[in-house]
Amino acid sequence: MNQAFDTIIVGAGMVGAALATGLGQQGIRVALIDKAEPSAFDASSAPDIRVSALSAGSERYLDSLGAWHSILAMRATPYRRLAVWDETPNPLSRLLPPSLTEVEFSAEQLGARHLGHIVENSITQQALWQSAEAEPDVTLITGRSVQDLKQDQQLARVTLDDGSQLEAQLVIGADGAMSRVRDLAGIGVTRDQYDQQAMVISVRYRGSVEDITWQGFYPSGPRAFLPLHSAGEQFPGECWGSLVWYDHPARLAELKAMDEPALMAEIQKRFPARLPELTHIDARASFPIARQHAKHYYLNRVVLAGDAAHTINPLAGQGVNLGFQDAQCLQGLLKEARRGGDLACERWLALYEQQRRPANQRMMLAMDLFYHLFSNAIPPVHLVRNLGLGAARALPFARNRVARYAMGLDDKLPAPLQQMVNRLPGLGGL
């Protein structure tokens, strides 16, 4: 016999687990499917190599789901400052003082206690799983993958790899960039592969926990530092951190093949001088970077959220924050759709796409602008971007207003900037 639910969520990563929790809180019966469940948290373990900079807006959403307290009880590192600057050597740099080519945002200037938290992805997922498990209307199905998907005018039916079948009014694909649900639903994507890849390096450094995350921009791509927690009694006087090195695939392959002393020396040589003194490299991994956008966010009784709908350049670490915004928006609209009796009502799914596609597209455009503006050493472009950084430094009020919006501290862009965004091709009138 088929198991019946109101909705089926495929993919129990951070976005899928958040959405399952939120819908369960609304009394919507959810089946949450994933191939595996997250590993149990071990306070003595080295940090997960994959971390995210969760914005203040994401924190509020996670708190509403009951997950934020659990995250803080495990590990989360607040950052109160964020800095960006240009590291590209160029004769035209002499036209501007070095102090004008760096911009720093601080929580104090923005009227906040912090700008966000750096959190390991596995911890965020574990906390959300715990929240989902606590909801009586959420059923977790692990160790299974989706093999088939059928839809008709009344229901969607999902067949799992063990032959069991589930049926629901709506299927939500939250199963990542290579979404099986998206493929089975026949929803296409547009995809652009960047020349760069990103290498993530988990390290320990000497000193106290830093309260700043920063990015220096080079022609080959930015190099970033994200602070993590103290290494504790096991490594006194040391803290964990995460480095991100963007570069061409061949160059990153060379770096990954180095032994620890050679890679340590290369990092100290190639990263900005403000990098803390490193003592240990724990892990390293690289991954391709692509911009991908689903041609539709929904089709019939299937709707997409998070990376299944969109992936962006991770320059500013906004991917998971956009995914949580998808989840929060969809959660609210499905609450309204339920009153009409059909969670797959096109009116509400269309409204979801109308609200989220422009917001995600704006962030894609912004990240592409950064990518193309900073990933070269052409003298005129170099001067333009330095002038831009100088202008941002000289106009702190406007800069801080934009920063408050980007970090989830304000719900809306300042009116003049919103008017500029409205004039962008494909976004007019939004």
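Everything that follows concerns the structure shown earlier in this document.
Here the structure is a predicted model, which means the values were calculated and not measured.

Conventions used here
- Residues numbered from 1 in each chain as written.
- Predicted model: local features only at pLDDT ≥ 70, side-chain atom pairs only at ≥ 80, totals over all residues.
- Heavy atoms only, no water.
- Buried < 20%, exposed > 50% of the residue type's maximum accessible area, 1.4 Å probe, protein only.
- Helix = DSSP H or I, 4+ residues; strand = E, 2+ residues; numbered from the N terminus.
- Pairing = 2+ DSSP bridges.
- Right-handed = clockwise from strand over helix to strand, strands pointing away.
- Core = buried A, V, L, I, M, F, W, Y, C linked by side-chain atoms within 4.5 Å.
- Contact = heavy atoms within 4.5 Å.
- Salt bridge = Lys/Arg side-chain N within 4 Å of Asp/Glu carboxyl O.
- Expected span 1.5 Å × (residues − 1).

Visitor: Where do I start with the pairing of strand 3 (residues 30-34) in this structure?
Guide: Taken residue by residue, a regular strand's side chains alternate between the two faces of the sheet. Across the 5 residues of strand 3, 5 count as buried, placing the element largely inside the fold. The two faces of strand 3 match: Val30, Leu32 and Asp34 on one face and Ala31 and Ile33 on the other face are all buried. Here strand 2 (residues 7-10) runs beside strand 3; their pairing, made up of 4 bridges, is parallel. Directly across from Val10, in strand 3, lies its bridge partner Ile33. Since strand 2 and strand 3 lie parallel, the crossover through helix 1 (residues 14-25) that links them has a hand, and here it is right-handed. Across 5 bridges, the pairing between strand 3 and strand 9 (residues 138-142) is parallel. Residue Val30 lies in a different strand from strand 9, and its bridge partner there is Val138.

Visitor: Help me understand the nonpolar core in this model?
Guide: Where a protein is soluble and globular, its nonpolar side chains tend to be buried together. Counting residues in each nonpolar core, the largest one holds 70 residues, and the members touching the most others are Ile8, Ile9, Leu128, Val171, Ile172 and Phe324. If you tally residues by element for this core, the top one is helix 9 (residues 319-339), at 8 residues. Beyond its immediate sequence surroundings of up to four residues, Val171 is in contact with Ile8, Val10, Leu149, Ala156, Val158, Val181, Arg301, Val302 and Val303.

Visitor: Explain the sheet that holds strand 1 (residues 3-4) to me, please; I cannot follow it from the model alone.
Guide: Think of a sheet as strands paired side by side through backbone hydrogen bonds, with each pair either parallel or antiparallel. Read across the open sheet, the 4 strands follow the order 1-12-11-10; overall the sheet is mixed. The sheet is open, and its two edges are formed by strand 1 and strand 10 (146-151), each paired on a single side. Where strand 1 and strand 12 (residues 165-168) come together, 2 bridges link them in parallel fashion. If you follow Ala4 over to strand 12, its bridge partner there is Glu167.

Visitor: Looking at this structure, how should I read unusual backbone geometry?
Guide: Among all residues save glycine, negative phi is the norm, and among peptide bonds the norm is trans. Despite not being glycine, Asn300 shows a phi value in the positive range, around 55°. Position of Asn300 relative to the elements: it lies in the loop between strand 19 (298-299) and strand 20 (302-304).

Visitor: Help me understand the pattern of salt bridges, please; the structure alone is not making it clear to me.
Guide: Any two side chains of opposite charge can pair, on the condition that their charged atoms come close. Taken as a whole and assessed by the stated rule, the structure comprises 17 salt bridges. Across the pair Arg301 and Asp342 runs a salt bridge, and its minimum N-O distance is 3.0 Å. One end of the pair, Arg301, is in the loop between strand 19 and strand 20; the other, Asp342, is in the loop between helix 9 and helix 10 (346-374), and 41 residues separate them in sequence. A relative accessible area of 26% means that Asp342 is categorised as partly exposed. In this structure, Glu353 and Arg357 form a salt bridge, with 2.9 Å as the shortest nitrogen-oxygen distance. A residue pair is termed a helical-turn pair when its members lie 3 or 4 positions apart in one helix, as Glu353 and Arg357 do in helix 10 at 4 residues.

Visitor: Teacher, can you tell me more about helix 1 here?
Guide: What sets the pattern is the α-helix's 3.6 residues per turn: residues three or four places apart point alike. For helix 1, which comprises 12 residues, the first-to-last C-alpha distance of 17 Å matches the rise-based estimate of 16 Å (1.5 Å per residue) to within 8%. Across the 12 residues that make up helix 1, a large majority, 11, are buried. Gly27 occupies a position one or two residues after helix 1 and carries a positive phi of about 80°.

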